[in-house]
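Remarks on the overall topology
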Amino acid sequence: MIERPDYINELIKFKDKELIKIITGIRRCGKSTLMELFKNYLIKEGVTQEQIISINLEDLRYHFIQNYMDLYNYINEKLLNDKKNYVFIDEIQTIPKFQKVADSLYLNKNIDLYITGSNANLLSSELATLLAGRYIEIKMLPLSFKEYKTTVDTEDLEKVYQKYISLGSFPYTVQLEEDEIGKYLGSLYNDVIIKDVMIRKGIAEESMLKSVANFTLDNIGNILSTNNIANTMTSNGRAINIRTVEKYLEGFTEAFFLYKATRYDIKGKQYLKTGKKYYVSDLGIRYFMLGRKIGDRGHILENIVYLELLRRGYEVYVGKIDEYEVDFVAINNKGRIYIQVCETLKDNENKILKRELNSLEKINDNYEKTILTLDKMPISNENGIIVRNALEWMIDK
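For every chain, the first residue of the written sequence is number 1, and numbering continues from 1 along that sequence. The predicted origin of the model limits local features to residues at a pLDDT of at least 70 and limits the giving and counting of side-chain atom pairs to 80 or more, whereas totals for whole chains, interfaces and linings rest on all residues. Processing note: side-chain calculations cover all non-hydrogen atoms of the structure and skip hydrogens and water entirely.

1. Some remarks on the overall build of the chain
Secondary structure elements follow DSSP: runs of H or I no shorter than four residues count as helices, runs of E no shorter than two count as strands, and numbering proceeds from the N terminus. Along the backbone of the chain there are 15 helices and 13 strands. Rg of the C-alpha trace for the chain: 22 Å, near the compact-globule value of 21 Å for 397 residues, within the 12% margin. In terms of overall dimensions, the chain has C-alpha extents of about 75 × 50 × 50 Å along its principal axes. A burial count over the chain gives 51% of its 397 residues as buried. For the radius of gyration, the atom set is restricted to C-alpha positions; the globular benchmark scales as 2.2 Å times the number of residues to the power 0.38. Only protein chains enter the accessibility calculation, which uses a 1.4 Å probe; a residue whose area is less than 20% of its type maximum is buried, one above 50% is exposed, and one in between is partly exposed.

2. Considering the sheet that holds strand β5 (residues 135-139)
Reading across the sheet, the five strands line up as β2-β3-β4-β1-β5 and stay open at both edges, with parallel pairing between neighbours. The open sheet has two free edges, formed respectively by β2 (52-56) and β5, since each of these has just one partner strand. With direction set aside, neighbouring strand axes in the sheet form an average angle of 15 degrees. At least two bridges found by DSSP between two strands are what make those strands a pair. Note that strand β1 (residues 20-24) and β5 share five bridges and pair parallel. Here, axes are lines fitted to C-alpha atoms. For helices the fit covers the stretch in contact, and angles between N-to-C directions go from 0 to 180 degrees.

3. Section: the packing of helix α7 (residues 157-167) against helix α13 (residues 297-311)
For the pair α7 and α13, interaxial distance at closest approach is 12 Å and the crossing angle is 90 degrees. When the axis of α7 is compared with that of α13, the two are roughly perpendicular. Mapping the contact onto sequence places Y161, Y164 and I165 in α7 and I300, L301, I304 and R311 in α13. Here the contact of α7 with α13 is composed, by residue class, of six nonpolar, no polar and one charged. The labels follow the angle: roughly parallel below 35 degrees, roughly antiparallel above 145, roughly perpendicular from 65 to 115, and oblique for the rest. Contact definition: two residues touch when any of their heavy atoms are within 4.5 Å. Think of it as three bins: nonpolar holds Ala, Val, Leu, Ile, Met, Phe, Trp, Tyr, Cys and Pro, charged holds Asp, Glu, Lys and Arg, and polar takes everything else, Gly as well.

4. A word on the nonpolar core
Within soluble globular proteins, side chains that are nonpolar generally end up buried alongside one another. Only buried residues count toward a nonpolar core, which is a set of Ala, Val, Leu, Ile, Met, Phe, Trp, Tyr and Cys residues joined through side-chain atoms within 4.5 Å. Counting residues in each nonpolar core, the largest one holds 90 residues, and the members touching the most others are Y161, F252, F257, V305, L309, F328 and I339. For this core, the leading source of residues is helix α8 (residues 178-201), giving nine residues. If we skip the residues at most four places from it in the chain, F328 touches Y279, E302, V305, Y306, L309, V316, Y317, I337, Y338, I339 and V341. Core analysis: the second largest hydrophobic core is formed by 26 residues, L57, L79, I89 and F98 among them.

5. Here's the deal with the environment of C29
Along the chain, C29 falls in the loop between β1 and α2 (31-44). By relative accessible area, which is 0% here, C29 ends up buried. In this structure C29 touches R4, M140, L141, P142, F170 and P171, once residues within four positions along its chain are discounted.

6. Looking at empty space enclosed by the protein
The gaps of empty space that remain are located by a probe, the size of a water molecule, rolled over the atoms. Points on a 1 Å grid over protein atoms alone make up a cavity when a 1.4 Å probe fits among them but cannot get out, and a pocket when they form an open set with protein on both sides within 12 Å along at least five of seven lines; lining residues each have an atom within 4 Å of a point. Grid points are joined across faces, edges and corners, and a volume is the space filled by probe spheres set on the points. Tallied over the full model, the rule gives two cavities of 30 Å³ or more. Here the largest cavity defines a volume of roughly 50 Å³. What lines the largest cavity is simply Y164, S169, S281, D282, L283, I304, L307 and R311. For the lining of the largest cavity, the leading source of residues is α13, giving three residues. For the lining of the largest cavity, the per-class residue count stands at four nonpolar, two polar and two charged. Considered as a void within the structure, the second largest cavity measures approximately 30 Å³ in volume. Around the second largest cavity, the lining residues are I165, L283, R286, Y287, G291, R292 and I300. Per element, the largest residue contribution to the lining of the second largest cavity is three residues, and it comes from helix α12 (residues 283-290).

7. Description of the sheet that holds strand β9 (residues 324-332)
Spatially, the eight strands line up as an open sheet ordered β7-β6-β8-β9-β10-β11-β13-β12, and their pairing is mixed. Each of the sheet's edge strands pairs with one partner strand only, and the pair in question is β7 (270-280) and β12 (380-382). Each adjacent strand pair in this sheet contributes to an overall mean axis angle of 35 degrees, direction not counted. Judged from the four bridges that link them, strand β11 (residues 368-373) and strand β13 (residues 385-389) form a sheet pairing that is parallel. Directly across from T370, in β13, lies its bridge partner I386. Strand contacts of helix α14 (residues 351-361): β8 (315-321), β9, β10 (335-342), β11, β12 and β13, with the helix running at about 160 degrees to β10, the strand carrying the most contacts.

8. Remarks on the layout of surface pockets
Here the second largest pocket defines a volume of roughly 410 Å³. In this structure, the second largest pocket is lined by 22 residues; those nearest its centre are R28, G30, K31, S32 and T33. Mapped onto the lining of the second largest pocket, the elements with two or more residues apiece are α2 and α8. Here the lining of the second largest pocket gets four residues from one element, more than from any other, and that element is α2.

9. Re the pattern of salt bridges
Counted as salt bridges are all cases of a side-chain nitrogen of Lys or Arg within 4 Å of a carboxyl oxygen of Asp or Glu. Tallied over the entire structure, the rule returns 30 salt bridges. Of the charged contacts in the structure, one is a salt bridge between E58 and R27, with a shortest N-O distance of 3.5 Å. Taken together, the residues E58 in the loop between β2 and α3 (68-78) and R27 in the loop between β1 and α2 connect sequence positions 31 residues apart. On the accessibility criterion, E58 (42% relative accessible area) is partly exposed. You can call R27 buried: its relative accessible area is 7%. Residues E155 and K149 are paired through a salt bridge, measuring 2.9 Å at the closest nitrogen-oxygen approach. The exposure class assigned to K149 is buried, which follows from its relative accessible area of 18%. Where salt bridges share partners, they join R27, E58, D196 and R200 into one cluster.

So, in structure tokens, the structure goes:
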């Protein structure tokens with residue numbers, strides 16, 4: 001099993017706290033493995049196997065659990081009265097009204113509860129209201145570039161990067177031969193589309209759904225609107241209305257297949273409703289669905305930087321200042337950072353560097369401003385703006 005230290009440390013930090021630990025993320029990103037790693041940690045710390053109750057609701061061994069009372073009764077029968085019980089429930093959203101179980105188990109002070117889900121509906125408004133102030137969400141993604149680097153036999157960051165964007169970042173892919181990975185990612189793509197989007201959203205048209213998915217994958221890093229998507233697809237002979245596009249995009253983001261970055265007016269300090277960017281949770285899926293195009297390299301890097309900012313605990317927006325765009329405005333409780341992403345800054349007259357600096361120089365505050373590039377270069381400072389290699393930034397956490 002690949003160690004996932006950031007996520008493990010997060011679980012350790014909240015161990016035995018009176019909070020439900022909810023782990024969310026796209027299917028097969030490593031949620032079940034994370035719980036196994038944490039259970040191993042508990043055993044090393046002296047917790048006995050009898051204190052651990054573990055259920056994977058997508059495992060046929062638990063087919064007899066059909067409703068929330070079945071789930072509650074199964075757990076209740078296994079509880080120890082005189083010791084702390086550590087309860088792990090995988091894919092809990094498959095059980096209707098599962099929130100009743102979560103709430104009831106939370107009330108038992110002898111239980112430390114951990115649950116996972118591969119759909120954002122796990123934290124629907126109903127559950128969030130019911131458990132307000134009583135849970136912590138751990139948002140899980142496939143392997144980071146730094147984590148992926150530990151699985152390959154080279155220290156050459158550029159070679160690692162090429163494998164990372166071509167073969168994908170799902171943990172299981174590192175166990176496969178390269179010619180097997182395409183089939184695995186194709187299967188995963190179908191599982192997400194059919195199980196996590198079509199079935200849950202009540203969508204009948206699989207072909208159209210996949211067309212919208214592929215269109216969005218082909219336009220990562222571009223400003224998109226539902227109107228733009230509907231019009232483009234209709235003009236290409238796939239007539240679709242705006243409401244249907246909205247439903248599909250909602251399904252993709254709920255399944256953590258796509259992430260949506262809304263726009264933020266830096267000068268006006270307000271969020272903008274029009275124009276969004278979408279990024280995919282794994283570039284390997286995109287590569288095997290679409291192939292790689294020469295003009296994609298900048299957007300691929302942008303996608304990876306976006307996901308890394310999410311991993312580091314930021315809320316990430318697309319910045320706007322006057323007529324200029326700032327790739328990312330990343331905000332957390334400590335403040336914010338501004339980031340421009342550019343595949344290369346090299347040209348004869350430094351026009352690219354000047355263009356990237358220009359957007360950041362328009363921002364009149366003292367928060368950190370950085371330009372990330374694939375160019376091999378030492379860290380430099382351009383009038384207070386840091387310029388550095390993106391791959392080194394990704395492993396320098």
